[in-house]
Amino acid sequence: MSKLANKVALVTGGSRGIGAAIAKRLAADGASVAITYAKDANAASAVVKAIEGSGGKALAIQADAADTKAINGAVEKTVATLGRLDVLVNNAGTAIPKLFVETTLEEMDQMININFRGILIATQAALKNMNDGGRIIMIGSCVGEKNMTPGLAAYGATKGAVKMFTQGLSREVGSRGITVNNVQPGPIDTDLNPAAGDWAAPQIANTALKRYGTSDEVAALVSFVASPESSYITGANLTVDGGTNA
Ligand code: NDP
């Protein structure tokens, strides 16, 4: 039997990049999957169709991670439509790479609201609906632990906050068998951080493997953390970064 059979997962920002790969992988593992997106309804619908085409069950919900009401609504709709909630993947996030002195207040707010505030709201809403034995999985970043790249100071700080939230929350929900873990990608080839982009060369130089990673390589770790096999792992920061932080 598939390892996530009869489970329901919600992946925020699941229409493109790492989130889309996670949604497809969890569905391939047997879960029914809801994804949220902010703007690109066509991309979200393509993910749903791909999952359905492989025999899975999926649902796309427009919900900006900076909008409290929309996030709470997405959790409610997931439970109402798919029947329960077992796995939350807090993936929606954004980076605005530029030197901190040049970063505007609006850009700071955007990164804080999407990368951190949105996670707090989604996690609280999910916990009120989640079954015992559930999984809360953050997509943080390797720069939340060690930041060697100029231009990512504020972004890295939001991911550091995600790391500490993960560790603290794990101690509050463990008695319900719910685990809370933080998957920290390194440079992954997506629209947000293209392997052919201006910022790519120093990131590749910082890896031990001398290459970008793929969204599927992140999804493979998320799949393990979402599964029953990871039952004794909680409060952990699990880095999938090609050795960037080695
Ligand atoms: P992409 O920009 O490629 O994809 C982002 C996804 O999130 C899209 O589905 C997008 O949907 C959605 N999204 C963006 N803003 C919002 C929002 N406000 N509310 C809801 N959904 C939103 O990013 P990645 O796949 O590269 O990144 C995913 C996560 O991984 C982020 O948290 C990022 O910080 C983290 N990460 C990425 C790394 C990388 O190298 N790529 C490295 C380390 C961490 P839509 O198009 O509709 O807006």
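Above this text is the structure in question.
Structure report, in brief. (Residues numbered from 1 in each chain as written. Predicted model: local features only at pLDDT ≥ 70, side-chain atom pairs only at ≥ 80, totals over all residues. Heavy atoms only, no water.)

Our next topic: the overall build of the protein. A tally of helices and strands in the protein yields seven helices and seven strands. The order of helices and strands in the protein, counted from the N terminus, is β-α-β-α-β-α-β-α-β-α-β-α-α-β. Taking the principal axes of its C-alpha atoms as reference, the protein extends roughly 45 × 40 × 35 Å. Residues classed as buried in the protein amount to 51% of the 246 residues present. A total of about 11,100 Å² of accessible surface is found on the protein, and carbon and sulfur atoms cover 53% of it. (Helix = DSSP H or I, 4+ residues; strand = E, 2+ residues; numbered from the N terminus. Buried < 20%, exposed > 50% of the residue type's maximum accessible area, 1.4 Å probe, protein only. Areas by Shrake-Rupley, 256 points an atom, 1.4 Å probe, with all protein chains shown as cover.)

Right, let's get into the packing of aromatic side chains. Under the defined criterion, the tally for this structure stands at one aromatic pair. An angle of 85° between the planes, with centres 6.5 Å apart, marks the rings of Phe-116 and Phe-165 as edge-to-face. With Phe-116 in helix α4 (residues 105–129) and Phe-165 in helix α5 (residues 153–173), this residue pair connects regions lying 49 residues apart in the sequence. We classify Phe-116 as partly exposed; its relative accessible area is 23%. (Phe/Tyr/Trp six-rings, centres within 6.5 Å; stacked < 30°, edge-to-face > 60°.)

With that out of the way, let us pick up the site of the ligand. Ser-15, Lys-39, Ala-65, Tyr-155 and Thr-190 are the nearest of the 29 residues found near the ligand. Of all the elements in the fold, those that place two or more residues in the shell around the ligand are α1 (17–28) and α5. Counted by class, the shell around the ligand contains 13 nonpolar, ten polar and six charged residues. (Near = heavy atom within 4 Å. Nonpolar A, V, L, I, M, F, W, Y, C, P; charged D, E, K, R; others polar.)

Strand order in the open sheet made by the seven strands is β3-β2-β1-β4-β5-β6-β7, with parallel pairing throughout. Unpaired on one side and paired on the other, β3 (58–62) and β7 (237–240) mark the two borders of the sheet. Mean inter-strand twist for the sheet, computed between neighbouring axes without regard to direction, equals 20°. Here three bridges tie strand β1 (residues 8–11) to strand β4 (residues 87–90), and the two strands are oriented parallel to one another. Residue pairing for β4: Leu-10 is matched across the bridge by Leu-88. Helix-sheet contacts for α1 involve β1, β2 (32–37), β4, β5 (135–139) and β6 (179–185), and the interaxial angle to β1 is about 175°. (Pairing = 2+ DSSP bridges. Axes fitted to C-alpha atoms, helices over the stretch in contact; angles between N-to-C directions. Contact = heavy atoms within 4.5 Å.)

This next bit is on α5. Over its 21 residues, α5 extends 31 Å from the first C-alpha to the last, a length consistent with the 30 Å expected when each residue adds 1.5 Å. For α5, the set of buried residues is Tyr-155, Gly-156, Thr-158, Lys-159, Gly-160, Val-162, Lys-163, Phe-165, Thr-166, Leu-169, Ser-170 and Val-173. In this fold, the buried residues of α5 make contact with α4, β5, β6 and β7. (Expected span 1.5 Å × (residues − 1).)

What follows covers the nonpolar core. One recurring pattern in soluble globular proteins is that nonpolar side chains are buried together. Ile-22, Leu-26, Val-33 and Val-89 are the most contacted members of the largest nonpolar core, which has 31 residues in total. Looking at this core, the elements that each hand over two or more residues are β1, α1, β2, α2 (41–53), β4, β5 and α7 (215–226). It is α1 that provides the largest number of residues to this core, a total of seven residues. Ranked by size, the runner-up nonpolar core spans 27 residues in total, among them Val-8, Ile-61, Ile-121 and Phe-165. (Core = buried A, V, L, I, M, F, W, Y, C linked by side-chain atoms within 4.5 Å.)

Another point: the pattern of salt bridges. For the structure on display, the rule yields six salt bridges. Across the pair Arg-16 and Asp-191 runs a salt bridge whose closest N-O atoms are separated by 2.7 Å. Here Arg-16 is found in the loop between β1 and α1, whereas its partner Asp-191 is found in the loop between β6 and α6 (200–206), with 175 residues between them in sequence. The class of Asp-191 is exposed, set by a relative accessible area of 58%. The shortest N-O distance in the salt bridge between Arg-176 and Asp-132 comes to 3.2 Å. Here Asp-132 lies in the loop between α4 and β5 and Arg-176 lies in the loop between α5 and β6, a separation of 44 residues in the sequence. (Salt bridge = Lys/Arg side-chain N within 4 Å of Asp/Glu carboxyl O.)

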